Amino acid sequence: MIKNYIFLIGLFPSIFLAQEEFSEVIYLEHNSKLNIPFTHKNYVDYEYALHKAAGTHSASKPYTFQQINNYYKIAEEKKRFFKSGKKTWLGKKVWNEHLLQVKKEDYWFTVDFLFDVQLGRDNSALDYTFNNSRILNINGEIGAHFSFSTTYYESQGRFAAYVNRFITNTAANVRPKNSEGLIPGRGKTKAHKTDSHDYPVAEAYIAYTPNRHMQFQFGNGKNFIGDGYRSFILSDVSAPTTYLKATLDIWKIQYTNIWMWNTEPSMSAISNPNEHARKYVAAHYLSINLTNRLNLGLFETAISTGENGFDAGFFNPIIFYRSLEFNRGEDAGNALLGFTGKYKLNDNISLYSQFMVDEFSIGNLSNLSDWRHKYAYQLGVKYFDAFAVKNLFLQVEYNHARPYTFAHKSSILNYGNYSQPLGHLWGANFREAIAIGRYRKGRWSGSAKVVLGEKGFDLEDQLISYGGDIYQTYEDRSSDLGIKVGQGNLAQIFITDLETNYLINSANNTNLFMNLSYRKTSIEKPLANFYSGTNIWFSIGLRSDLFNWYFDF
């Protein structure tokens, strides 16, 4: 169907606006209330602009164009890459424009047919690795208050050996039913030819913006809360999920409410064994600027399940969920609390942190090895225009999660979605250090990332939980006392990732890229989806930057 649609567009180029008219409206979305697609690489400039301004909030992502345009003129920046010498229809579409753009008095929309086409090789027995995504992306606005976006991915791929093993050897307690495995961050897959995967993904949302202080979104996609590369509070690690989001930005406060209808494909619904289990997550995040330099945030979330859907009480935008969850019944749900902090050290450096509390035994503070001390924290620093070098960005981050954090007695009530964490990619029972460098000059950009950490896994031949798998019930824990990070089947992880990008079309963020990653791991007892060894993976390709894809595990 998509191929036929694109073929028709090619047959009738006259439906496109003439260049004289088109040049005036080429960046319509940059003055809209739509989301800016969240990628760590592309958000550096936006975060720096927020850092330099007073009274801004940077943790709740994705940002909207309206929000960022107050501090950073996106359209003006993108027009620097406009190639005025392109006169042919094909040249303009490749370098400057959307495939289709329509603007009327009370509505507008754009259509792009995009790609994520990659070819590579790793040092395993695989002939080659590849990814072939055809992407239909539509954005637009109706009137002054309604915005919409939809993105459909039709994809096939074969990845590096360690990723393929993760996909096809996902542990039984998280393996999606009726599928050949789990593509990290995308969802379940079916087999495609030899050692390959077929995994369609759809994301979409509609937004209502009644005024400059408020916005409501309903859709299927991802959200992120935090200033780091990782987040314990809410990350974009797992597959897209259905959500309702309300944002209020007024005075010194930004208040974000997110309600999520999550899916656990490894579990069956009570009423229908052929239907995936559903669970419901309600979250508040309050960000307040105490001074022009200091920002503090408070986060709370509640997870519930049941055949009747969301408890109406969770739609209260200002209630404390912990008391509501407690009053619903013993172990009827799960609640977590989180705190964030950010301090602008100077015009170029910011310090940030997170602290997430799943459970804490106040009566046993003298013994911090108690299993009930379930918490995670993050410390980090960002350096913009580092050492007075324009567009050089440096970041260092440390993440630490105690065993059994984010897990629950009933697995369906853990802090997860679609067989992956809603927080940090590694789950729990780990410590990790990350260093990232990014540099941009003109159309060229490059990045380097180093990840060093250790994590405690469970043993495949035992039912005992050592606290690393958030989908394993903590009822089968190894002990009550003497709990420490790295317990169980200890693994050491070292990852280096280098990437170079060349921007082709700034209207839809299409890039040529080249990536080289080096991953070395050692584990005491090999697992089906995690083993000792070295993997070197080289890829080159063409893609549009629309989301973060995490292979650093």
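Above this note sits the structure.
Residues numbered from 1 in each chain as written. Predicted model: local features only at pLDDT ≥ 70, side-chain atom pairs only at ≥ 80, totals over all residues. Heavy atoms only, no water.

**Q** Break down the overall build of the chain for me, with residues and values.
**A** Along its length, the chain carries 8 helices and 26 strands. Relative to the 2.2 N^0.38 estimate, which gives 24 Å for 553 residues, the radius of gyration of the chain is 23 Å and therefore close to what a compact globule would have. Its C-alpha atoms give the chain principal-axis dimensions of about 70 × 60 × 55 Å. The buried share of the chain, taken over its 553 residues, is 58%. Taken as a whole, the chain presents about 23600 Å² of accessible surface, with 59% of it coming from carbon and sulfur. In the chain, 57 side chains carry a positive charge and 52 a negative one; their mean positions are 5 Å apart. (Helix = DSSP H or I, 4+ residues; strand = E, 2+ residues; numbered from the N terminus. Rg over C-alpha atoms; globule rule 2.2 N^0.38 Å. Buried < 20%, exposed > 50% of the residue type's maximum accessible area, 1.4 Å probe, protein only. Areas by Shrake-Rupley, 256 points an atom, 1.4 Å probe, with all protein chains shown as cover. Lys, Arg positive; Asp, Glu negative; His and termini not counted. Charge placed at Lys NZ, Arg CZ, Asp CG, Glu CD.)

**Q** Describe helix H7 (residues 161–168), naming the residues involved and giving the relevant values.
**A** Summarising burial for H7: 6 of the 8 residues are buried, a large majority. Looking only at H7, the buried set comprises Ala161, Tyr162, Val163, Asn164, Phe166 and Ile167.

**Q** Can you explain the packing of aromatic side chains? Please cite residues and give values.
**A** With the rule as written, the count across this model stands at 37 aromatic pairs. Judged by centre distance (5.1 Å) and plane angle (55°), the rings of Phe38 and Phe224 are tilted. With a gap of 186 residues between them, Phe38 in the loop between helix H2 (19–22) and helix H3 (44–52) and Phe224 in strand S11 (residues 224–225) connect regions that are remote in the sequence. We note that Phe38, like Phe224, is buried. (Phe/Tyr/Trp six-rings, centres within 6.5 Å; stacked < 30°, edge-to-face > 60°.)

**Q** Outline the pattern of salt bridges, listing residues and values.
**A** Under the counting rule described, the total for this entry stands at 19 salt bridges. Residue Arg440 is joined to Asp45 by a salt bridge in which the shortest nitrogen-to-oxygen separation is 2.9 Å. Pair noted here: Arg440 is in strand S22 (residues 430–441) and Asp45 is in helix H3, with a separation of 395 residues, a long-range link. In this structure, the salt-bridge partner of Glu203 is Arg186, at a minimum N-O distance of 4.0 Å. A residue pair is termed long-range when its members are at least 10 positions apart, and Glu203 in strand S9 (residues 201–211) and Arg186 in the loop between strand S6 (181–183) and strand S7 (187–192) qualify at 17 residues. Here Glu203 matches Arg186 in class, with each residue buried. (Salt bridge = Lys/Arg side-chain N within 4 Å of Asp/Glu carboxyl O.)

**Q** Break down the side chain of Ser465 for me, with residues and values.
**A** Examined against the element boundaries, Ser465 turns out to sit in the loop between strand S23 (444–457) and strand S24 (489–505). By relative accessible area, which is 1% here, Ser465 ends up buried. Within polar-contact distance, the side chain of Ser465 engages the backbone nitrogen of Gly467 at 3.3 Å. With residues up to four places along the chain from it excluded, the contact list for Ser465 reads Tyr404, Asp458, Gln472, Thr473, Asp476, Arg477 and Ser478. (Polar contact = N/O pair within 3.5 Å; in protein donor to acceptor, adjacent residues only side chain to side chain. Contact = heavy atoms within 4.5 Å.)

**Q** Give a description of a nonpolar patch on the surface that names residues and reports values.
**A** Taken together, the side chains of Leu119, Tyr128, Leu498, Met514, Leu516, Ile536, Phe538 and Ile540 define a hydrophobic patch exposed on the protein surface, amounting to about 690 Å² of accessible area. At the level of elements, strand S25 (510–523) and strand S26 (533–544) are the ones that each hand at least two residues to the nonpolar patch. The element contributing the most residues to the nonpolar patch is S26, with 3 residues. Locating Phe538 in the fold gives a position in strand S26. (Patch = residues over 30% accessible without salt bridge, like charges linked within 9 Å, V, L, I, M, F, W, Y side chains within 5 Å.)

**Q** An account of the environment of Val451 is needed here, citing residue identities and associated values.
**A** For Val451, the position within the fold is in strand S23. Separated by 44 residues in sequence, Val451 and Ile495 place their C-alpha atoms 5.0 Å apart.

**Q** An account of the pairing of strand S4 (residues 129–142) is needed here, citing residue identities and associated values.
**A** Extensive coverage of S4 is indicated by the burial of 11 of its 14 residues. Of the pairings in the sheet, the one linking strand S3 (residues 107–122) to S4 comprises 14 bridges and is antiparallel in character. Of the residues in S4, the one forming a bridge with Phe115 is Arg134. Between S3 and the antiparallel strand that follows it, S4, lie 6 residues. Sheet topology note: the S4/strand S5 (residues 146–158) ladder contains 13 bridges and is antiparallel. Bridge pairing in S5 places Ile138 opposite Thr150. Following S4, the chain reverses through 3 residues before pairing antiparallel with S5; Gly143 in that reversal takes a positive phi of roughly 70°. (Pairing = 2+ DSSP bridges.)

**Q** Any details on H3? Residues and values, ideally.
**A** Burial of H3 is extensive: 7 of the 9 residues sit out of reach of the surface. Burial in H3 covers these residues: Val44, Tyr46, Glu47, Tyr48, Ala49, Leu50 and His51.

**Q** Just give me the short version of the pairing of strand S2 (residues 100–103), but keep the residues and values in it.
**A** Pairing of S2 with S3 involves 4 bridges; the strand directions are antiparallel. The partner of Val102 across the bridge, within S3, is Phe109. The turn joining S2 and S3, which pair antiparallel and follow one another in sequence, is formed by 3 residues.

**Q** Describe the environment of Lys252, naming the residues involved and giving the relevant values.
**A** Mapped onto the elements of the fold, Lys252 is located in the loop between strand S12 (241–250) and strand S13 (253–268). Note on Lys252: relative accessible area 35%, which makes it partly exposed. It is 39 Å that separates the C-alpha atoms of Lys252 and Ser369, two residues lying 117 residues apart in sequence. The contacts of Lys252, once residues within four sequence positions are left out, are His57, Ser287, Ile288 and Asn289.

**Q** Which residues make up the side chain of Glu77, and what are the values?
**A** Assignment of secondary structure puts Glu77 in helix H5 (residues 74–79). Reaching out from Glu77, the side chain makes a polar contact with the side chain of Arg80 at a distance of 2.6 Å. Those residues within four positions of Glu77 in sequence are excluded, and the remaining contacts are Tyr72 and Arg440.

**Q** Please provide a residue-by-residue account of unusual backbone geometry, values included.
**A** The omega torsion across Lys61 and Pro62 is 5°, close enough to zero to call that bond cis. Relative to the elements of secondary structure, Pro62 occurs in the loop between strand S1 (60–61) and helix H4 (65–69). Backbone geometry places Ala388, a non-glycine residue, at a positive phi of 65°. Relative to the helices and strands, Ala388 is located in the loop between strand S18 (374–383) and strand S19 (392–401). Even without being glycine, Asn429 reaches a positive phi, approximately 60°. Locating Asn429 in the fold gives a position in the loop between strand S21 (420–421) and S22.

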